[in-house]
Amino acid sequence: MISLNNKAILDMPIAELVISAEKVAHVQSGNSAEHALLVLTKTGYSSVPVLDVKYRLQGLLSTKMITEEILGLERIEYDRLASIKVEDVMDQEVAYLKITDTFRRALDLVINHAFLCVIEEDGTFAGIMTRRVILKQLKKHIYSNEF
Ligand code: AMP
């Protein structure tokens, strides 16, 4: 049975836990794979959101998606990076949260994703919610209910 305390955290809105868009490294769908690889390498993030020019979420891009695309039979074809676009290699099947969603939905989705993109009601990108932030919130909740 779910206790009242647990129901409170599960029903909590996610908005205050979101890392806001201006703090999130992203690439644009029309960017070259060369630029995207620079962003991924410099930031050290395993994957970043892909947005269009109107700041709408288009997908996710990881270093692996780029390197797989330029992997030749005998060598990595770095010279192709400039001519490949982010939209050609990104993953478009993205699990995302709406800014009005609750912690319960975030918890369900974050099991399979290190972070989740969050979108505003008008479809623009609001930011991300990371597994780290969700675990910290859960830890706070569990410890405060220990005694
Ligand atoms: P962390 O919780 O910091 O370990 O982040 C987990 C993943 O979320 C990272 O590997 C990135 O893919 C993504 N991420 C976290 N913070 C940011 C950020 N500020 N900008 C872009 N992606 C991020």
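Residues numbered from 1 in each chain as written. Predicted model: local features only at pLDDT ≥ 70, side-chain atom pairs only at ≥ 80, totals over all residues. Heavy atoms only, no water.

S.K.: In this structure, what is going on with the side chain of Ser 29? I would like to understand it.
M.R.: Locating Ser 29 in the fold gives a position in the loop between β2 (27-28) and α2 (33-43). Among residues more than four places away in sequence, those in contact with Ser 29 are Val 50, Leu 51, Asp 52, Gln 58, Lys 85, Val 86 and Glu 87. (Helix = DSSP H or I, 4+ residues; strand = E, 2+ residues; numbered from the N terminus. Contact = heavy atoms within 4.5 Å.)

S.K.: Sorry, what's going on with the UniProt feature "domain: CBS" (unreviewed entry) in the chain here?
M.R.: Here, UniProt's "domain: CBS" (unreviewed entry) annotation points to residues 22-71 and 86-138. Between the C-alpha atoms that bound residues 22-71 the distance is 33 Å, and the span itself is 36% helix and 26% strand. Measuring from the first to the last C-alpha atom of residues 86-138 gives 35 Å, for a span that is 38% helix and 26% strand. (UniProt positions renumbered as here; feature names shortened; annotations may be inferred.)

S.K.: In this structure, what is going on with the site of the ligand? I would like to understand it.
M.R.: Surveying the vicinity of the ligand reveals the residues Lys 23, Val 24, Ala 25, Tyr 45, Ser 46, Ser 47, Phe 115, Ile 128, Thr 130 and Arg 132. Contact between the ligand and Ala 25: a nitrogen atom at 2.8 Å from a main-chain N or O atom of the residue. Alone, the ligand offers 480 Å² of accessible surface; in the complex the protein occludes 81% of this. A class-by-class count of the residues in the shell around the ligand yields 5 nonpolar, 3 polar and 2 charged. (Near = heavy atom within 4 Å. Polar contact = N/O pair within 3.5 Å; in protein donor to acceptor, adjacent residues only side chain to side chain. Areas by Shrake-Rupley, 256 points an atom, 1.4 Å probe, with all protein chains shown as cover. Nonpolar A, V, L, I, M, F, W, Y, C, P; charged D, E, K, R; others polar.)

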